[in-house]
Amino acid sequence: MNTPPTATGLYFDGRSARAHPVRLRLGERLEIVGEAVRLDWSLLDLRAAETAPPLARIGHADSPGSVEFEDAAFADALAARCPGLHRREREGGLPRLVLWSLAAGVSVLLTAIYGVPAAADLLAPLVPRTVEARLGAAVETQIVGLLGDPPLCEDPAATAVLDGLVARLSATMSLSPPQVSVRRHSLANALALPGARVIILSDLLGKAKSADEFAGILAHEFGHVSARDPVRSVIRAGGTSFLLSLVLGDLTGSTVLVAVGQAAIAAGYSRDAERAADAASVAAVDRAGGDGRALAAILERITRAEDEKPGGLTGFLRSHPYTAERAATIRATPGKTGEASLLSEADWQTLRAICGAGDGQDGKTK
Ligand SMILES: [Zn+2]
């Protein structure tokens with residue numbers, strides 16, 4: 001493989017006139033990284049503005065931000081990789097749909113030739129952010145329905161603590177903060193969905209014995225988000241029919257999606273994906289000032305508790321397998337263990353009560 005082209009440039013957020021110095025890297029997506037800027041744009045979303053060479057200005061179809069650079073080689077590499085780059089937005093929505101349909105059509109072909117997993121890996125980085133956001137919203141609706149519509153927990157003080165924790169963890173992972181929601185449910189589990197959504201089921205807070213244990217699970221899900229595992233998993237689960245539904249535009253109402261939602265949570269991720277998310281989590285919690293190895297204990301505790309529950313939803317939600325092996329690897333990761341904690345005891349207790357104090361989430365299960 002060739003090394004991805006890079007260039008230096010300036011990022012403008014489209015709201016202020018301030019120029020942010022950034023490094024650009026053209027991989028499967030266009031990565032834009034600066035001091036306060038961390039973006040990765042799907043190549044299908046990029047739009048070039050009319051400028052006098054060597055100056056190039058690249059915008060995003062759904063964002064007011066843009067980057068400028070004066071690197072002819074990088075501009076050529078971009079033009080070669082981005083089919084929609086010089087398309088004018090005012091031409092309307094049709095070309096965009098056609099492009100995306102083409103991509104989906106090609107991927108159906110890839111699926112036929114290489115099989116679903118390989119096609120999913122090829123397609124996942126190409127999914128435009130708007131499609132992924134729509135997909136995430138639709139899958140979340142499906143999953144919440146499958147879980148029996150558990151209510152959202154939104155205690156304001158607890159939500160503030162959670163938001164702070166989410167911001168700290170995602171910052172150490174160079175990730176825009178995912179959208180985290182907590183729902184009252186007797187399962188201890190967490191799920192990452194497309195569109196950087198994470199659902200926490202409240203018994204997880206009951207099972208966590210420390211803020212760092214909970215943070216470990218949260219950061220593990222962020223690891224999946226960062227690796228784009230949820231999109232890949234949904235594409236794999238939906239297979240060709242999912243890709244066809246993208247072509248036909250029947251994304252939200254389709255029966256395909258029910259199957260996708262179900263399969264996506266039941267199948268879980270590969271061993272490698274889990275290992276990578278664990279490693280990302282340990283590093284993130286350590287860097288944020290906690291004990292990344294606390295993740296091992298809560299993983300074991302949850303697996304033990306779920307094993308004791310008879311049948312029901314347990315098997316269906318086995319989204320995080322290989323526990324013993326994972327716990328051993330996490331414990332063996334070098335770093336400090338013990339005293340440090342990400343939250344004060346008071347904040348941790350506030351966060352645990354996000355579904356209301358004394359609702360029995362703690363200690364009800366053996
Ligand atoms: Zn996982």
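Residues numbered from 1 in each chain as written. Predicted model: local features only at pLDDT ≥ 70, side-chain atom pairs only at ≥ 80, totals over all residues. Heavy atoms only, no water.

As annotated in an unreviewed UniProt entry, the chain is Putative Zn-dependent protease from Methylorubrum rhodinum.

Asker: Help me out: how do you make sense of the confidence of the model for the chain in this one?
Answerer: Close inspection of predicted coordinates is inappropriate in any region flagged by low pLDDT. Taken residue by residue, the chain gives an average pLDDT of 79. The fraction at 70 or more is 73%. Within the chain, the lowest mean pLDDT, 53, falls on helix α9 (residues 255–267), and the highest, 97, falls on helix α5 (residues 156–172). Across residues 359–366 the pLDDT falls below 50, and counting only partners more than four positions away or on other chains, this stretch makes 14 contacts in the model. (pLDDT = per-residue confidence, 0-100. Helix = DSSP H or I, 4+ residues; strand = E, 2+ residues; numbered from the N terminus. Contact = heavy atoms within 4.5 Å.)

Asker: Mind showing me how you'd approach α5 here?
Answerer: Given 3.6 residues per helical turn, the α-helix brings residues three or four places apart onto the same face. Along its 17 residues, α5 runs 25 Å from first to last C-alpha, staying within 8% of the 24 Å computed at 1.5 Å per residue. Of all the residues in α5, the buried ones are Ala158, Val161, Leu162, Leu165, Val166, Leu169, Ser170 and Thr172. Down the axis, α5 shows its buried residues gathered within 155° of arc, on one side only. Turned more than 90 degrees off the buried face of α5, the exposed positions are Pro156 and Ala171. Those residues of α5 that are buried lie in contact with β8 (179–183), α7 (211–226), α10 (271–287) and α13 (345–352). (Expected span 1.5 Å × (residues − 1). Buried < 20%, exposed > 50% of the residue type's maximum accessible area, 1.4 Å probe, protein only. Arc of directions from axis to C-beta.)

Asker: What is the right way to read the pattern of salt bridges from this model?
Answerer: For side chains bearing opposite charge, pairing can occur when the charged atoms are close. Summed over all chains, the structure comprises 16 salt bridges. Of the charged contacts, one joins Arg301 and Glu213 as a salt bridge, the two residues approaching to 2.7 Å between their closest N and O atoms. Taken as a pair, Arg301 in helix α11 (residues 294–308) and Glu213 in helix α7 lie far apart in primary sequence, 88 residues in all. In this structure, Arg301 and Glu213 share a single accessibility class: buried. As a salt-bridge pair, Arg293 and Asp286 come within 3.0 Å of each other at their nearest N and O atoms. Residue Arg293 is classed as buried on the basis of its relative accessible area of 7%. Residues participating in the shared-partner salt-bridge network are Arg271, Asp272, Arg275 and Glu325. (Salt bridge = Lys/Arg side-chain N within 4 Å of Asp/Glu carboxyl O.)

Asker: Hey, could you run me through the environment of Ala328 in this one?
Answerer: Position of Ala328 among the secondary structure elements: in helix α12 (residues 323–332). Accessibility expressed as a relative area gives 47% for Ala328, which makes it partly exposed. Between the C-alpha atom of Ala328 and that of Ala296, which follows or precedes it by 32 residues, the distance is 7.4 Å.

Asker: Help me understand the sheet that holds strand β6 (residues 56–60) in this model?
Answerer: The strand order β4-β3-β2-β1-β7-β6-β5 describes an open sheet built from seven strands, whose pairing is antiparallel. The two strands at the open ends of the sheet, each matched to only one other strand, are β4 (38–42) and β5 (46–49). Shown here is a sheet whose adjacent strand axes are inclined to one another by a mean of 30°, direction ignored. With four bridges joining them, β5 and β6 adopt antiparallel strand pairing. (Pairing = 2+ DSSP bridges. Axes fitted to C-alpha atoms, helices over the stretch in contact; angles between N-to-C directions.)

Asker: Explain the state of the cysteines here, please?
Answerer: One way to say it: the disulfide is the covalent bond shared by the sulfur atoms of two cysteines. This model, assessed by the stated rule, comprises one disulfide. The disulfide that involves Cys153 links it to Cys355, with 1.9 Å between the sulfurs. Between Cys153 and Cys355 the disulfide shows an S-S torsion of about 90°. By sign, it is right-handed. Taken together, the residues span a long stretch of sequence, with Cys153 in the loop between α4 (129–146) and α5 and Cys355 in the segment after α13 at a distance of 202 residues. Neither Cys153 nor Cys355 differs from the other in exposure class; each is buried. (Disulfide = S-S within 2.5 Å.)

Asker: What's the story with the packing of aromatic side chains in this structure? I'm lost.
Answerer: Think of a pair of aromatic rings as described by two things: how far the centres are apart, and how the planes are tilted against each other in angle. On inspection of all chains with the given rule, the structure shows three aromatic pairs. Both rings, one in Phe69 and one in Phe74, keep their centres 5.2 Å apart while their planes meet at 90°; by these two values the pair is edge-to-face. Here Phe69 matches Phe74 in class, with each residue buried. (Phe/Tyr/Trp six-rings, centres within 6.5 Å; stacked < 30°, edge-to-face > 60°.)

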